Structures are given as C-alpha cells and as structure tokens.
Amino acid sequence: VTMELADGRVHCVECVGGDGTSAAELRQVLVECARALPFMRESIPKGYTTVKDACLAHEWGRVAVPMEEAVEVLRGQCEGQTVDVHGALGFWSLLGFMLVHDDWLLPRPTDMIDLVRPLVHHDPLAALDKTLARARPSAAAQDASADWVVPGFAKLGRDEQAGVRRMVERLVHDKVLCEELQAHLRGWKDASKPERDALLGVLVQFGLVVSHDVGGEAGRSGAGGDAREWLCTCRMDSRPGRKWDEQKWKDFVRDETQNVSVVRYTFGHAPSALFPHIIASQMSNWEYKAGYRRRSELESGMLSVEIQATAERHEFFQLALTKGADGATQIVVAASSVGLLRSLCACVERVASWRFPGLSLAVQVHFSGADGACVWRIGADMTLGRILASKDWDRSVRVELLEPRETVSMKTREIFMAAPGIFFSHSWKDRSIQVGPFIRDQIEMRMRELVWYDEQMMSTEDQFQSRMAEGVKNAWVVCVFFSREVLASGNCLREIGMAREQQLNPMANTRIVIFAMEKEVTYAAIDAWPIKSFTFFSDKDKVYRTVHARTVKFVKEHLLGVNIYAEWIKGGASKDPAEDLAKQSQALDRIISNLRKPLDRPADSKPPPEFEIENQGEVWILGTKGDAELPAEALVPPHSAGTTAVAPAKAAPPAATTAATAADETPQSSVGTTAGTSSELPAAAPVEPSATTEVDATDKLGIEVETAPQDPAGATADPLQTPVDKGETQLPREVKAFLEERNLQLSQRDEAALVQLGVGALDDLSFLDEQALEGVGLKKVLAAKLLQAIRLRIAEQAPAVQPTPSPTPWAPPPPKRSGCCTLS
C-alpha cells in the first residue's frame, strides 16, 4: 500500500510489489507527508520528551495500565520538573508512541499485535488440533504457532475443551468473539476483566471489532445475562464477490413485498475495512433485533437479511460488495421498503464519511420506470441518505432512460415508489399538531416505515381526497389522533371509516391505533356516552360543533375494541414532564410490540359491514349502512353546529355564524366510504315554535336554536338575564337529587344555564366541559365543583382498567344500566 500527497490531501493507492519495495516506498511517502504538515517544527514543552522517555523505559508488566496509576509513576520519575503528564501522554498518543483510551494507558501499542493475532489467525481450529497433538507423549516437535490461539487447550477437561471449540467455531464461521472465550485466548487470559474491556475499547476505536448485541441466529447475548459479544470485522473478507444479480434479489424477496429502487455506491478507492465496517454496523444495529435472520455467509461478500416485522409482513435487504463494469469497487444496497433503504443508505454514507474521510464516491439509483430501465446519477452536491431522510418526495430530478438514451424529469416519489405503510389521521384543530411530528419521527425510527402525515393543509379538497384515499389504502397501520374535533370533521370520519373497513377485510390486515388527545375521548368516557347527539365548544373556531348520534354509535360499536392510549393528553398523567415522556416511550414500545403480533380473527367472522358518511348542514355523520333508525330525541343536540356560542369571559366570540374554515371541513353532499352512496337520516321530530325557540328553516336536522325575545326597539336581550318560564328551566328530578347529594346549590339562573346546554337527563352531564359551562356564564368556582362531583361519580362507576382488545369484528357492548355517566 502506498500513499501520495496531491493538492494538499492524502490519497490512498492500493498496489502489491512482492519484492519488499512497497514498504520502503510507503515509509518514504509517510515521512514526506509528515514533514509537510503545518504543525511540524513547532516547539513543545521539554517535559513532554521526559515523559515519553520515562514511559518507554519503565517496565509496566501489563498491556493496559489505569491512567491515574500511570500518571503517579511518571510523575515520580520526573522529579524536579513541573510537567503536565496528562497533556504529554495525550500528545504522544496522537503520534502513536503510546495509546490513551478513556481512563487507560497502553504504554506499548505494539503489544496489541499479540492480542489481535488469535482473532485473525488463518485457521484457529487447526491450531487447537496441533495443541492436542503436541501434548501426546509420542508426538514429535510441533510448530510453536499452535499456541497462538489457546495455548493451554490440551490441559483443559474434555467438557471444557468442547465448549472452547464451539466458541472458536463461532469465531471462524460467524466472526463473533464471546466474552467467555477471552479467558482462554493468548494475550487475553492474563488480563483482568477491566483491562480486557479497555483493550476491546481500543480495538473498537480502530474498527477491528464492533459491539455485537443482536437477535436471531447471529446473537445469543445481551438479553438476560452479563455475557457480551463482539463482531470481529478484522476476520471479514473484504474482496469484491460475484456480480450482484437482480433476478436473485427478486427470488430472495419472493415478490412478497414492494420492490423499491436499487442503489449503487461506486468508490474510486475502497479501503479493505470499509465493507466489513458497514456489515458490522448493520448486524449490530438494535433495530434489527426483532425477527432478525441472516440468509447468507459473510465470506461471499454479501449480507442477505430477512426481518419478520409482523406476523404477516416480512422485510428484506441485501448489501453486496462487487466490481462495476469499469472495474471500480461498488457497494450495492437493495431493500424491500423505502424506510429500510433509507436506513441502509444512511449507514453506508455515515461509515464512509466518518471512518474513511476523503473517499470519493459516486451514487447511482437504478429503478424501473414507466418507460423502462432508468438511472438517476446523484451529483456531488447532495447525498442520497439526506434526500431520503428529508422525505422530499416531490423533488424534481433529471434521470436517464437506458433505452432509448434520453434524459427526462421525474419526482423522487416516482423513483422510490414511496408508499408510506403508516397513515396518520388527525384534525388541524386539536393537540395532534403539537404531538404528531414527534410520534411520527419515533415510529419511523423504530419501525423503519414511512408515515403519511399531512404537515400542511392541502390546497384543494379534491387534492386531499385523492391523496388521503391512496394513503389509507396503502397503509397497514392507521393511527388516529382522537378528539371531539375529529368526530366533527368530515375528512377524519372518512379516514376512520375506510380504515375500519380495511381492518375488517381479511385480505387487508390493516391495524388501527388510537391516541387520545383529550380526556373527553378516553375509554372510560366513551364507554359511558349515551347514543345521542351532543355539542362541544371548539377552541379553534369559537363555535359550538355537533357530533351526531350515529357517529357516537359507530364509535361505541367499532372503536371501543381498539386500545386507546391516553399518554399524550395535554398535561399528562403526572406533573413531571420527564415522567410523562418516559410513559409515552413505554406506550410506543407496547404499540410496536402489539403490531408485530398476528391479528386474532374469528374463524366464523361475518361479512364486514359497509360504512357511509353524510353531511347534513354543517354536521358530518359516519354510520353503518342499514342501521336501525335512532329515536328523534337522540338526534337533537342543544346547539346547532357552527352557531356562535356564548364564549367564555376571556374570549371574544365571533359575531356571526362560522362556516367551515379549513379544507377538511368543506361541506359536501353525502359520500359513502365504500361505494360512494348515501342514505337519508331518519326524520327528526318536528319542533313547535315558541316564544323562546324557533326552527332554522335551513336546518335539515330540525335542531332547536335558542333565541332571546326582542324588545320593541328590536334589540336582542341577554337570554340569561331575561326571565324564563319556570316550566322550561326546571332540571329533571334526578339531576337535582345528584346536585343536592354533592351540596351544590344552583340558582335559577344557573339551572337555566344547564337547561340551555341541553341537560334533560342525568346522562347529559357526561357532555359538559369547562368551556361549555363558562360559555353560558357559570362561575368558575361553581363550574369546577360541578365537574369535580361528576368525576367522583365516574370514578365510582366507570371500569378501573381498560380491557384487552377484543377480536375483530367488534361486537356491540351490552346495554348499560340506567344512570351511568362519565365526564366528557
């Protein structure tokens, strides 16, 4: 190997002389390069040379010495001088006279040769046999190299010999060094455990070994024991193997998964340790612990891996070291998903830039386009790993068609066929816009899957509808960021309906994960909901919005069988942000673990139902086709959707009715999630006009809209300050009894406020929240006492533990006993 200095940089050139001249030429080039370094001929403290001479002259008797002990010894030999011993040792370590690693000093780096020798021995098993043969009385003189691996092998017992031989076989075939084997290897057996750890740290620093704690056939440690393992990259074959065959890659994946693009990294010069480093990095990556299975021998210059992501899904990747058509060294990266390809490309580029800076490489992406085979040659001003990490799928690039030869423009989405496997359904009006990006990054990192997450509202409704439908269809996991805003959003309901249809389809195997964004949609709260329309105060729009009774029925029948994770509710379960973050991380671990389990489907499952979504005025409805009609009183909420609410004192309400303000709230005609059909709601009971109520002629639901009587001048008086007929302000007897039990004294005005909120039965208290109570003028102290009383009642009656998910399809829960309610 020779090195040459050009343009102020060192370039490596591989060559083999065979006559010994190569080493002499290398030494001369190194000397010339060293003399050209800018810090040469600078002055250093004279005490530094004293420390160096004392360190080299001292008999240490060990390969590794604790740093504090070494400093004390050297300080004693430098009496009469004020020397920075730590600084001197660090300086000479940079020049290779000695090595400093963490809190250890290796006084003679050449002693590391004896430690590396048993790890790189050409035939360790034969050395064991020679050791046994030499121990026989009639044996002739044997080569002393037999002791270079396990010198005391012949003196071990038969069982111990068998155990050592198995560990040496792993060293030969799997390139794995066991911690237990170190106690028998030459040079290692005389060192203490702390010294061995320090020596292994030095080898890791030089890239000769890599910490190896993986699952599957290659790793058997790291879980349930103190034993550790290291992958010996120094034993790996670094010669380019056979030509990479695309057809064999397709046979390997068995057409079970999406076949994405193939990436070729071409190196002007590839150091012999480059490919082993990349292989070691992937085999040691904790991401591949679950379901890891290596399918090729490392000697072949190729690593083929199959990963069982879930019971139904398998992932595949290959890393191959080959020669290109021009003889240049190439590393081929092929993967069965874009998320996995992104991880592999990032690994190759990270190892190449960190471990071997200055390497020149060219990147080509080979893929099959609509017009045939194509090549995208990436320029030196960008890296593929960075492009994939940014998920800029709408980036326009120039690619080459191989037949006919021409250049065309394409989107990166077309090149990588980026179809995210996980879909995020959320509303732009709740907490999901704060927690969504963090959860997305965590899931993409842990599951190596792309996530469909609209970080910007689509410009048009048609654009969103088409991309949303495509995203849900291609996803095998749909994560719903659940809130009341979601239940009032047409697009969110459409996404939930499509996801539920795919979950019930045995051919789709779609999973649903629910993240609760507010306490009003936890399992206990939903379980206690009566099947009745209700309204809530929208902080985003400052209006009342309506959740229809049919939507409530759908949620109770189809979503209560899904685990609802409440760790991301605002404020958390505790007041310590660090504790909440730890609980969220544990929840993600449980989610990913559950996703890897097979779906439990009943053998005699009925045909899945069809769902439909409708729009009535500004109320979106998700229901099951053919459902029985609901009672008319269940369809009438206390406020119509979109009407101006009596806002809390600190907030100024809008002056007029608010229409749908976001793209995902644009009113449409009835649209079915399956066949695009619609059905009419059962007609609501007619409402008789009175002095205090009138029916909105445009309201198809017949919802009562309360208005205040007008004075002769035409001005509208405050409804809460206007005398109201006693017959219309009387709370039900059961509600009054509940309030009296809790020592809550309400004035006639307060009772009128509750009636205005639609409290006509004890169950209606479940829909009350702080914003609604303050919106109708209830005092904060009284509102807090009322909400606390309802919480206590919920705690007494609601289930303490959320049950485990039931097999799909979810059966409707049995009717609840009368009077059970929960705080919304």
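Conventions and cut-offs
Residues numbered from 1 in each chain as written. Predicted model: local features only at pLDDT ≥ 70, side-chain atom pairs only at ≥ 80, totals over all residues. Heavy atoms only, no water. Helix = DSSP H or I, 4+ residues; strand = E, 2+ residues; numbered from the N terminus. Buried < 20%, exposed > 50% of the residue type's maximum accessible area, 1.4 Å probe, protein only. Areas by Shrake-Rupley, 256 points an atom, 1.4 Å probe, with all protein chains shown as cover. Pairing = 2+ DSSP bridges. Arc of directions from axis to C-beta. Contact = heavy atoms within 4.5 Å. Axes fitted to C-alpha atoms, helices over the stretch in contact; angles between N-to-C directions. Parallel < 35°, antiparallel > 145°, perpendicular 65-115°, else oblique. Nonpolar A, V, L, I, M, F, W, Y, C, P; charged D, E, K, R; others polar. Salt bridge = Lys/Arg side-chain N within 4 Å of Asp/Glu carboxyl O. Phe/Tyr/Trp six-rings, centres within 6.5 Å; stacked < 30°, edge-to-face > 60°. Polar contact = N/O pair within 3.5 Å; in protein donor to acceptor, adjacent residues only side chain to side chain. Core = buried A, V, L, I, M, F, W, Y, C linked by side-chain atoms within 4.5 Å. Patch = residues over 30% accessible without salt bridge, like charges linked within 9 Å, V, L, I, M, F, W, Y side chains within 5 Å. pLDDT = per-residue confidence, 0-100.

> If you had to explain the overall build of the protein to someone new, which residues and values would you point to?
Scanning the protein from terminus to terminus reveals 25 helices and 29 strands. By residue count, 49% of the 824 residues in the protein fall in the buried class. In the form shown here, the protein has an accessible surface area of approximately 40,200 Å², with 52% of it arising from carbon and sulfur atoms.

> Describe the sheet that holds strand S4 (residues 99-101), with residues and values.
Sheet architecture is open: three strands sit in the order S3-S5-S4, paired in antiparallel fashion. Where the open sheet ends on each side, the last strands, each with one partner, are strand S3 (65-66) and S4. Taken together, the three bridges between S4 and strand S5 (residues 104-106) define a ladder with antiparallel strand orientation. Bridged to Val-100 within S5 is Leu-105.

> Summarise the pairing of strand S20 (residues 477-482); cite the residues concerned and give the values.
Most of S20 sits inside the fold, with six of its six residues counted as buried. Covered by surrounding structure in S20 are Val-477, Cys-479 and Phe-481 together with Val-478, Val-480 and Phe-482, the residues of both alternating faces. As judged from the four bridges shared by strand S18 (residues 422-425) and S20, these two strands associate in the parallel manner. The partner of Ser-425 across the bridge, within S20, is Val-480.

> A description of helix H10 (residues 246-253) should follow, citing residues and the corresponding values.
Within the sequence span of H10, burial applies to Trp-249, Phe-252 and Val-253. Take H10 and look down its axis: the buried residues cluster within an arc of 90 degrees, on one side only. Residues of H10 that are buried make contact with strand S11 (302-308), strand S12 (314-323) and strand S13 (329-335).

> Please give an account of the packing of helix H3 (residues 67-76) against helix H4 (residues 85-94) that cites residues and values.
Remark: H3 packs on H4, axes separated minimally by 10 Å, with the N-to-C direction vectors making an angle of 110 degrees. Considering the angle they form, H3 stands roughly perpendicular to H4. Contacts from Met-67, Glu-68, Val-71, Leu-74 and Arg-75 of H3 reach H4 at Val-85, His-86 and Leu-89. Here the contact of H3 with H4 is built from residues that sort into five nonpolar, one polar and two charged.

> For the pattern of salt bridges, give the residues involved together with the corresponding values.
The final tally for this structure, using the stated rule, is 25 salt bridges. Among the ionic pairs, Lys-193 bridges to Asp-197, the shortest N-O distance being 3.5 Å. Of this pair, Lys-193 and Asp-197 are both found in helix H9 (residues 193-206), four residues apart, which corresponds to roughly one turn of the helix. With relative accessibility at 46%, the residue Lys-193 sits in the partly exposed group. Residue Asp-197 is classed as partly exposed on the basis of its relative accessible area of 29%. Salt bridges sharing partners connect three or more residues here, namely Arg-484, Glu-518, Lys-519 and Glu-520.

> Before we move on, could you go through the packing of aromatic side chains and cite the residues and values that matter?
Applying the stated criterion across every chain, the model contains 12 aromatic pairs. Relative to Phe-97, the ring of Trp-92 has its centre 5.2 Å away and its plane inclined at 80 degrees; by these criteria the two rings are edge-to-face. Since its relative accessible area comes to 36%, Phe-97 is described here as partly exposed. Ring geometry for Phe-481 and Phe-515: centres 5.2 Å apart, planes at 25 degrees, overall stacked.

> I'd like a rundown of the side chain of Glu-229, residues and numbers included.
Mapping Glu-229 onto the fold places it in strand S8 (residues 229-232). Here the side chain of Glu-229 touches Arg-170 through a polar contact of 2.9 Å, side chain to side chain.

> I'd love a proper account of the environment of Ala-64, names of residues and values included.
Tracing the backbone shows Ala-64 in the loop between helix H2 (46-57) and S3. Through-space distance from the C-alpha of Ala-64 to that of Asp-111 is 9.6 Å; in sequence the pair is 47 residues apart. Excluding its chain neighbours within four sequence positions, the residues that come into contact with Ala-64 are Trp-104, Leu-105, Leu-106, Glu-195 and Leu-199.

> Outline the nonpolar core, supporting the account with residue identities and numerical values.
The tendency in soluble globular proteins is for nonpolar side chains to be buried side by side. Membership of the largest hydrophobic core comes to 49 residues, with the highest contact counts inside it found for Tyr-265, Trp-376, Leu-384 and Phe-416. With nine residues, helix H12 (residues 338-354) is the single largest residue contributor to this core. Within the second largest apolar cluster, 39 residues are counted, among which are Cys-492, Val-521, Phe-534 and Phe-554.

> Account for the pairing of S8, naming residues and giving values.
Taking every second residue as pointing to the same face, both faces of S8 are buried, with Glu-229 and Leu-231 on one and Trp-230 and Cys-232 on the other. Of the strand pairs in this sheet, strand S6 (residues 176-178) and S8 are connected by three bridges, and their pairing is antiparallel. Looking at S8, one finds that Leu-177 is bridged to Trp-230. Taken together, the three bridges between strand S7 (residues 209-211) and S8 define a ladder with antiparallel strand orientation.

> A description of the sheet that holds S20 should follow, citing residues and the corresponding values.
The five strands lie next to each other as S19-S18-S20-S21-S24, forming an open sheet whose pairing is parallel. This sheet does not close on itself; its edge strands, each paired only once, are strand S19 (451-452) and strand S24 (564-565). Note that S20 and strand S21 (residues 511-516) share six bridges and pair parallel. Residue pairing in the sheet places Val-477 in a bridge with Arg-511 of S21. Together, S20, S21 and S24 form the strand contacts of helix H21 (residues 577-595), whose direction differs from that of S21 by roughly 165 degrees.

> Describe unusual backbone geometry, with residues and values.
We note that Asp-102 has phi near 55 degrees; this positive angle belongs to a residue other than glycine. Residues other than glycine seldom take positive phi values, yet Lys-175 does so here, at roughly 60 degrees. Mapping Lys-175 onto the fold places it in the loop between helix H7 (158-173) and S6. For Lys-175, a relative accessible area of 3% gives the class buried.

> Explain the environment of Ala-516 to me, and be specific about the residues and the numbers.
In this fold, Ala-516 is placed in strand S21. For the pair formed by Ala-516 and Ser-483, sequence separation is 33 residues and the distance between their alpha carbons is 6.5 Å. When near neighbours in sequence (up to four residues on either side) are disregarded, Ala-516 contacts Phe-482, Val-521, Ile-564, Tyr-565, Ala-566, Trp-568 and Ile-569.

> For a nonpolar patch on the surface, give the residues involved together with the corresponding values.
A contiguous nonpolar patch, built from Leu-56, Leu-94, Leu-95 and Phe-97 and spanning about 400 Å² of accessible area, is present on the exposed surface. Position of Leu-56 among the secondary structure elements: in helix H2.

> Mind laying out the packing of H2 against H4, listing which residues take part and the relevant values?
In contact at an axis separation of 9 Å, H2 and H4 are set at 75 degrees when each is read in the N-to-C sense. Here H2 lies roughly perpendicular to H4, going by the angle between them. Two secondary-structure elements touch here, H2 through Tyr-48, Thr-49, Val-51 and Lys-52 and H4 through Val-85, Gly-87, Ala-88, Leu-89, Phe-91 and Trp-92. Split by residue class, the contact of H2 with H4 holds seven nonpolar, two polar and one charged.

> Outline the confidence of the model for the protein, listing residues and values.
Taken residue by residue, the protein gives an average pLDDT of 74. The fraction at 70 or more is 71%. Across residues 799-824, confidence stays below pLDDT 50; counting only partners more than four residues off in sequence or on other chains, it has 69 contacts.

> Any details on the side chain of Glu-518? Residues and values, ideally.
Tracing the chain through its elements places Glu-518 in the loop between S21 and helix H19 (523-527). A residue is classified by how much of its surface remains accessible, and Glu-518, at 17% relative accessible area, is buried. At 2.8 Å, the side chain of Glu-518 forms a polar contact with the backbone nitrogen of Arg-484. Every residue in contact with Glu-518, bar those within four places of it in the chain, is listed here: Phe-482, Ser-483, Arg-484 and Ile-569.

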